[in-house]
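What the coordinates show
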Amino acid sequence: SSDLSYTMARRRAAVAAGRLGLAGRRAASSSSQQEGNLTVPRLAAIAIAMLVATGMAMFAPGRFAKQDVRIPFIAPRTAALQARVELPCATSTSSSSSAPQCGNGRCKRFVLDDVFPEEKIQGLVAMADTAFSNGIPSGGAMIFDLHSGAINRGENFVDVFRAKRVDGSQWFTQQQYDLYTEVQREVAEIVRQEFGAASVHLTKPNFFSRITNKSAVTLNDEYWHPHVDRIAYGSFDFTCLLYLTTLEEDFEGGAFVFVDGKAGNSTVEPRFGRLSCFTSGSENEHHVQRVVSGVRKAITVAFTCDQRAGIPDPALREYKPA
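All figures in this text were calculated on a predicted structure; none of them were measured in a lab.

Remarks on the overall build of the protein
Within the protein one finds six helices and 15 strands. Every one of the 322 residues in the protein was classed for burial, and the buried ones make up 59%. Of the roughly 12900 Å² of accessible surface on the protein, 48% is carried by carbon and sulfur atoms.

Observations concerning the sheet that holds strand 13 (residues 286-288)
Sheet strands pair by backbone hydrogen bonding; their relative direction is either parallel or antiparallel. Here three strands make up an open sheet; going across it, the order is 11-10-13 and the pairing antiparallel. Of all strands in the sheet, those bounded by a partner on one side alone are strand 11 (266-268) and strand 13. Across the sheet, the axes of successive neighbouring strands diverge by a mean angle of 25 degrees, strand direction being ignored. Bridging between strand 10 (residues 256-258) and strand 13 involves three bridges; their strand directions are antiparallel. Bridging from a neighbouring strand, Phe258 pairs with His286 of strand 13.

Comments concerning the pattern of salt bridges
Using the criterion set out here, one finds 13 salt bridges in the structure. Here Arg274 makes a salt bridge to Asp113, at a shortest N to O gap of 2.8 Å. Of the two residues, Arg274 is situated in the loop between strand 11 and strand 12 (275-279) and Asp113 in the loop between strand 2 (107-112) and helix 4 (118-132); the sequence distance between them amounts to 161 residues. The same class applies to Arg274 as to Asp113, namely buried.

Remarks on the packing of helix 4 against helix 5 (residues 174-195)
Packing of helix 4 against helix 5 leaves a shortest axis separation of 10 Å and a crossing angle of 120 degrees. By the angle between their axes, helix 4 is oblique relative to helix 5. At the point where helix 4 passes helix 5, the crossing takes the left-handed sense. Judged by residue contacts, Lys120, Gly123, Leu124 and Met127 of helix 4 engage Gln176, Leu179, Tyr180, Glu182, Val183 and Glu186 from helix 5. Class assignment for the residues of the contact of helix 4 with helix 5 results in five nonpolar, two polar and three charged.

Quick notes on the side chain of Arg296
Along the polypeptide, Arg296 turns up in strand 15 (residues 296-304). Overall, Arg296 belongs to the buried group, its relative accessible area being 1%. Of the polar contacts made by the side chain of Arg296, one reaches the backbone oxygen of Gly254; its length is 2.4 Å.

What to know about the nonpolar core
Leu124, Phe144, Phe172, Val191, Phe208 and Phe303 are the most contacted members of the largest nonpolar core, which totals 42 residues. Ranked by residues supplied to this core, first place goes to helix 5 with nine residues. With 13 residues, the next largest nonpolar core counts Leu241, Val268, Phe278 and Ala298 among its residues.

Remarks on the state of the cysteines
Considering all chains together, one arrives at two disulfides under this definition. Here Cys89 engages in a disulfide with Cys107; their sulfurs sit 2.0 Å apart. Judged by the torsion about the S-S bond (115 degrees), the Cys89/Cys107 disulfide is right-handed. Taken together, the positions of Cys89 in the loop between strand 1 (82-87) and strand 2 and Cys107 in strand 2 put the pair 18 residues apart, joining distant regions of the chain. Between Cys240 and Cys277 runs a disulfide, and the two sulfur atoms are separated by 2.2 Å. Torsion about the S-S bond of the Cys240 and Cys277 cystine: about 115 degrees, corresponding to right-handed handedness. Separated by 37 residues along the polypeptide, Cys240 in strand 8 (residues 238-243) and Cys277 in strand 12 bring together distant segments of the chain.

A short note on the side chain of Thr203
Its place among the elements puts Thr203 in strand 7 (residues 201-211). When near neighbours in sequence (up to four residues on either side) are disregarded, Thr203 contacts Ser235, Phe236, Ala302, Phe303, Thr304, Ala309 and Ile311.

A word on the packing of aromatic side chains
In total, this model carries 12 aromatic pairs according to the counting rule given. Feature note: the residues Phe144, Phe161, Phe172, Tyr177, Tyr180 and Phe208 constitute an aromatic cluster, connected by ring pairs. The ring centre of Trp224 lies 3.7 Å from the NZ or CZ of Arg290, which sits over that ring. Over the face of the ring belonging to Phe251 we find Arg296, whose NZ or CZ atom lies 5.9 Å from the ring centre.

Reading guide: rules and limits
- Residues numbered from 1 in each chain as written.
- Predicted model: local features only at pLDDT ≥ 70, side-chain atom pairs only at ≥ 80, totals over all residues.
- Heavy atoms only, no water.
- Helix = DSSP H or I, 4+ residues; strand = E, 2+ residues; numbered from the N terminus.
- Buried < 20%, exposed > 50% of the residue type's maximum accessible area, 1.4 Å probe, protein only.
- Areas by Shrake-Rupley, 256 points an atom, 1.4 Å probe, with all protein chains shown as cover.
- Pairing = 2+ DSSP bridges.
- Axes fitted to C-alpha atoms, helices over the stretch in contact; angles between N-to-C directions.
- Salt bridge = Lys/Arg side-chain N within 4 Å of Asp/Glu carboxyl O.
- Parallel < 35°, antiparallel > 145°, perpendicular 65-115°, else oblique.
- Left-handed = near helix turned anticlockwise from the far one by under 90°.
- Contact = heavy atoms within 4.5 Å.
- Nonpolar A, V, L, I, M, F, W, Y, C, P; charged D, E, K, R; others polar.
- Polar contact = N/O pair within 3.5 Å; in protein donor to acceptor, adjacent residues only side chain to side chain.
- Core = buried A, V, L, I, M, F, W, Y, C linked by side-chain atoms within 4.5 Å.
- Disulfide = S-S within 2.5 Å.
- Phe/Tyr/Trp six-rings, centres within 6.5 Å; stacked < 30°, edge-to-face > 60°.
- Lys NZ or Arg CZ within 6 Å of the ring centre and 35° of its normal.

Structural data, given as structure tokens:
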């Protein structure tokens, strides 16, 4: 239950930070670190700030608008690509880690398509659908943390592994856990090479996300607020999103927007199997436009250079009644 409380506290802090703006987010970050000591599954932290990240995939300059205005893309869903953009690091949030050699000192964003075979992505989609079949979101945003089992149930989060499936089977097989771990480790190696880090460690929260156009009911449902991952989550050095659905095929709206200030904004289109990664500091503040129709699914995977903030791979869990 400590992970669940952690997630809830982090989630509330992230959404509040998005509402207040960058200065407010910094203040909220300070208080959220204190909340991180509460006893709750890290579910809420996972929730929507990362959901915001789970939206899209490449960058395009555009004019920022707080409403859901369509912005030109340079990473269209219709074309496979490899794209990289370097940018100045924000000194105030240059790294969450005191570990040496946390990257090559450069900040950037990159998008890679066709990194994983289709069958692997389909396997992850099946895992997401299995978990979300047991969730009951209050609004349009739902997340599932495989590590803690946390999933939305109304206005709260519950441990999915405390619920028995109707047919009596377990939620996931060892083969599915192996698939998730294999993909996560491949992403970690890509991050290490792209950012020049001596080593990277999985950090919390990591989660599957599912977003529809259902109206927000609680603060946790408001995935569209701009935020900075390192401020919202504390331990993030690198954020990655693996998209499980495609814009304009599976859903409308829900574009991922980097808030680049005077330089204009940059936008990513989700594409099935697309991997989008970026340094987690203020140079990559971002938000997700609201989903208009359909269902958008993605996985958020985060890494740190600080081994002390690392977490192990998820281990097989079986149904255990409360």
